[in-house]
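The primary structure of each chain is shown beneath.
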Amino acid sequence: GYTGIETNNNVNATATAIGAGDWDYFRFVFNLNQSASQIQLLNITWIGGETCIDVVVNVEAVVYNWTGNKWTRIGTVPEAKGTLTLNFSGVTKNNHIGSSNNNVTISVDSISDNCDASPEQIRTDYVKLDVTYTDNEPQWSSNSTNGTDKGTFIQHSVNWTDDFGLSGYIFS
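Rules behind the numbers
- Residues numbered from 1 in each chain as written.
- Predicted model: local features only at pLDDT ≥ 70, side-chain atom pairs only at ≥ 80, totals over all residues.
- Heavy atoms only, no water.
- Phe/Tyr/Trp six-rings, centres within 6.5 Å; stacked < 30°, edge-to-face > 60°.
- Buried < 20%, exposed > 50% of the residue type's maximum accessible area, 1.4 Å probe, protein only.
- Helix = DSSP H or I, 4+ residues; strand = E, 2+ residues; numbered from the N terminus.
- Contact = heavy atoms within 4.5 Å.
- Core = buried A, V, L, I, M, F, W, Y, C linked by side-chain atoms within 4.5 Å.
- Polar contact = N/O pair within 3.5 Å; in protein donor to acceptor, adjacent residues only side chain to side chain.
- Pairing = 2+ DSSP bridges.
- Axes fitted to C-alpha atoms, helices over the stretch in contact; angles between N-to-C directions.
- Salt bridge = Lys/Arg side-chain N within 4 Å of Asp/Glu carboxyl O.

1. Overview of the packing of aromatic side chains
Next, step 1: As enumerated under the stated definition, the model contains 3 aromatic pairs in all.
Next, step 2: Summarising the aromatic geometry, the rings of Tyr64 and Trp66 are spaced 4.9 Å apart at their centres and angled 80° between planes, so their arrangement reads as edge-to-face.
Next, step 3: By relative accessible area, which is 31% here, Trp66 ends up partly exposed.
Next, step 4: The interplanar angle of 70° and the centroid separation of 4.9 Å between the aromatic rings of Tyr64 and Trp71 together place this pair among those described as edge-to-face.
Next, step 5: Three or more aromatic residues link up through ring pairs in this structure, and these residues are Tyr64, Trp66 and Trp71.

2. Quick look at the environment of Ser107
Next, step 1: Within the secondary structure, Ser107 sits in strand E7 (residues 103–110).
Next, step 2: Sequence separation between Ser107 and Val63 is 44 residues, and the spatial gap between their C-alpha atoms is 6.3 Å.
Next, step 3: If we ignore the near neighbours within four places in the chain, the residues touching Ser107 are Tyr25, Phe26, Arg27, Glu60, Ala61, Val62 and Trp71.

3. Observations regarding the nonpolar core
Next, step 1: In terms of nonpolar packing, the biggest core is built from 23 residues, with Trp46, Val104 and Val108 touching the most fellow members.
Next, step 2: Taken together, the elements giving at least two residues each to this core come down to strand E1 (13–17), strand E2 (25–31), strand E3 (39–51), strand E4 (59–65), strand E5 (70–77), strand E6 (82–89), E7 and strand E8 (120–133).
Next, step 3: A total of 4 residues in this core trace back to one element, the largest contributor, which is E3.

4. Digging into the side chain of Thr124
Next, step 1: One can find Thr124 in strand E8.
Next, step 2: Judged by its relative accessible area of 0%, Thr124 falls in the buried class.
Next, step 3: Side-chain polar atoms of Thr124 contact the side chain of Trp46, separated by 3.0 Å.

5. A look at the sheet that holds E4
Next, step 1: Strand order in the open sheet formed by 4 strands is E2-E7-E4-E5, and the pairing between neighbours is antiparallel. Strands with a single pairing partner mark the edges of an open sheet, and in this sheet they are E2 and E5. The average undirected angle you get between the axes of adjacent strands in this sheet is 20°.
Next, step 2: Relative to E5, E4 is paired through 7 bridges, and the arrangement is antiparallel. Bridge pairing in E5 places Val63 opposite Thr72.

6. Quick word on the sheet that holds E6
Next, step 1: Spatial ordering of the open sheet is given by E1-E8-E3-E6, a layout of 4 strands whose pairing is antiparallel. Looking at the sheet topology across the chains shown, the edges are occupied by E1 and E6. If you compare each strand with its neighbour and ignore which way they point, the axes differ by 25° on average.
Next, step 2: As paired elements, E1 and E8 share 5 bridges and run antiparallel to each other. The partner of Thr16 across the bridge, within E8, is Gln121.

7. Let's talk about the pattern of salt bridges
Opposite charge on two side chains makes pairing possible when the charged atoms of those side chains draw close.
Next, step 1: A complete count under the given rule lists 3 salt bridges for this structure.
Next, step 2: Glu60 is the partner of Arg73 in a salt bridge, and the nearest nitrogen-oxygen pair spans 3.0 Å. Of the two residues, Arg73 sits in strand E5 while Glu60 sits in strand E4, which places them 13 residues apart along the sequence.
Next, step 3: Assessed through its relative accessible area of 18%, Glu60 is described here as buried.
Next, step 4: As a salt-bridge pair, Lys128 and Asp130 come within 3.5 Å of each other at their nearest N and O atoms.
Next, step 5: Asp130 gets classed as partly exposed once you look at its relative accessible area, which sits at 33%.

See below:
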């Protein structure tokens, strides 16, 4: 398989439609390790284009809106090669992260049926999803004890907060 998709290097992965009625497209699924509540910004970048003999066709990149159950347009490349970018934050960002599968899905395909020649190719040189997030590690506060006398029971108390449901701790 093609392994250079994380590098903008003019080496392309291609999807080829070789006959009438064929549909060439790419689908990229990015599985996120962070919960949507931690993510502040999603930045999508796609670089690629399409080849069709004698006809200029448009390639469109879209990202799935899980809340609206529809595709959101990233942009269109009306030439042999171009760059598309799109940023999401706030509620819009949350709409594009699957609540049950925690992924972002991007699709790239031709939006024109003008290519009667064979073969038609969509090319992807580079695709990237940058995720800006906060990593709220467990925090403690309100350290207190009810005494320090030797040979007596002493209660030590701290307040812990985190975003993941801390279930225990070890003093060392």
